[in-house]
Amino acid sequence: RPLVSLSGVSKVFSNGTTALQNMTMDIRQGEFISLLGPSGCGKSTVLRIIAGLGDPSSGTIDWPTSGHDASGKALPEISFVFQEPTLMPWATVFKNVWLPLRLKGISKQEAHDRVMEALEMVGLAKFADAYPRELSGGMKMRVSIARALVTRPKILLMDEPFAALDEITRFKLNNDLLHLWEKFGWTVVFVTHSVFESVYLSNRIVVMAARPGRVVNDMRVDAPYPRE
Ligand code: ADP
Ligand code: ADP
């Protein structure tokens, strides 16, 4: 079963803009999907719909493997990573990563273990007690990835996560992300303008066009470049 299933999804805003037209896509466990296309092609709209943050105007979205709340509404198990790491400056790295667990009411010991495990994954366990201002841009981004992973989401949604970083840091983070994905088998939907990133990182590229936002190609790309 797919983790997410979109069928004929369209989104028309009240001003008449068709942000997304007739998108059909299943997302399966372990896929690293890039959504590649120009500004305004509906990439953010797709992410919001996948996250359950906006209903389609027509068509259906389903999360076949997710639980439901008391009223029967699906609870997509999804985390976001944004371009801006949005860490709380007054809280340590540990506290920043721990916050999503506190909101879920997980026990103290379990939360501690999970935070350290997430920081371990991104190579920042030693920086648990540091404050965000003490970290480089790339390290802040890695904290923000740890914070997204700490709830063990089924899908990680990344909205142009590295666009604000300098090119060398960006290249390093691309490699880090790729290694983490290969090691832990996450399912990722990665929004980018960069053909380079989409080809280097993903095993599936969904190419989109604007006005109206729509899918023009959906292809498998299995590691065309050798990886060390
Ligand atoms: P992308 O993320 O690819 O840049 P978006 O999903 O943000 O594209 O937007 C797709 C289209 O929908 C754009 O033309 C955008 O201007 C329009 N749009 C996005 N949000 C709204 C909104 N709340 N009201 C009206 N139009 C919107
Ligand atoms: P960026 O990803 O922004 O390029 P780096 O990962 O190069 O940042 O980290 C910036 C500095 O922090 C470097 O001096 C690096 O050696 C140090 N650093 C980064 N990660 C760790 C780590 N896990 N343990 C020790 N030092 C680290």
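Procedures and definitions
Residues numbered from 1 in each chain as written. Chains lettered and ligands numbered in written order. Predicted model: local features only at pLDDT ≥ 70, side-chain atom pairs only at ≥ 80, totals over all residues. Heavy atoms only, no water. Axes fitted to C-alpha atoms, helices over the stretch in contact; angles between N-to-C directions. Helix = DSSP H or I, 4+ residues; strand = E, 2+ residues; numbered from the N terminus. Parallel < 35°, antiparallel > 145°, perpendicular 65-115°, else oblique. Left-handed = near helix turned anticlockwise from the far one by under 90°. Contact = heavy atoms within 4.5 Å. Nonpolar A, V, L, I, M, F, W, Y, C, P; charged D, E, K, R; others polar. Pairing = 2+ DSSP bridges. Near = heavy atom within 4 Å. Polar contact = N/O pair within 3.5 Å; in protein donor to acceptor, adjacent residues only side chain to side chain. Phe/Tyr/Trp six-rings, centres within 6.5 Å; stacked < 30°, edge-to-face > 60°. Buried < 20%, exposed > 50% of the residue type's maximum accessible area, 1.4 Å probe, protein only.

1. Considerations on the packing of helix α4 (residues 137-149) against helix α5 (residues 167-184)
Helices that pack against each other are described as a pair by the angle of their axes relative to one another and the distance between those axes.
Next, step 1: At their nearest, the axes of α4 and α5 sit 10 Å apart, and the two run at 30° to each other. The orientation of α4 relative to α5 falls into the category roughly parallel. For the pair α4 and α5, the crossing hand works out as right-handed. For the pair formed by α4 and α5, the contact residues are G138, M141 and R142 on the first element and T169, L173 and D176 on the second.
Next, step 2: Among the residues making up the contact of α4 with α5, the classes are represented as 2 nonpolar, 2 polar and 2 charged.

2. Thoughts on the sheet that holds strand β6 (residues 155-159)
Next, step 1: Taken together, 6 strands build an open sheet; the order of strands is β5-β6-β7-β3-β8-β9 and the sheet is mixed. This sheet does not close on itself; its edge strands, each paired only once, are β5 (78-81) and β9 (214-220). Averaged over all adjacent pairs, the angle separating strand axes in this sheet is 20°, with direction ignored.
Next, step 2: The sheet contacts of helix α1 (residues 43-50) involve β3 (32-36), β5, β6, β7 (188-192) and β8 (204-209), and relative to β6 the element is tilted by about 155°.

3. With respect to the site of ligand 1
Next, step 1: In the vicinity of ligand 1, the contacting residues are F13, N15, T17, A19, P38, S39, G40, C41, G42, K43, S44 and T45.
Next, step 2: Backbone polar atom of K43 to an oxygen atom of ligand 1: 2.9 Å apart, as the coordinates give it.
Next, step 3: Between ligand 1 and the protein, one listed contact pairs an oxygen atom with a side-chain N or O atom of T45 at 2.6 Å.
Next, step 4: Ranked by the residues each element gives to the shell around ligand 1, the list is headed by α1, at 3 residues.
Next, step 5: Residue composition of the shell around ligand 1, by class: 4 nonpolar, 7 polar and 1 charged.

4. What about the packing of aromatic side chains?
Next, step 1: Under the criterion given, the structure shown has 8 aromatic pairs.
Next, step 2: Seen in terms of ring centroids, F184 and W186 are 6.0 Å apart; in terms of plane orientation they differ by 10°. Their pairing is stacked.
Next, step 3: With relative accessibility at 12%, the residue W186 sits in the buried group.
Next, step 4: Three or more aromatic residues link up through ring pairs in this structure, and these residues are F32, F162, W181 and F190.

5. Focus: the site of ligand 2
Next, step 1: As a structural note, the neighbourhood of ligand 2 is formed by G123, K126, F127, S136, G138, M139, R142, T169 and K172.
Next, step 2: Residue G123 places a main-chain N or O atom 2.3 Å away from a nitrogen atom belonging to ligand 2.
Next, step 3: Every element with two or more residues in the shell around ligand 2 is listed here: α4 and α5.
Next, step 4: For the shell around ligand 2, the element with the highest residue contribution is α4, accounting for 3 residues.
Next, step 5: Classifying every residue of the shell around ligand 2 by side-chain character gives 2 nonpolar, 4 polar and 3 charged.

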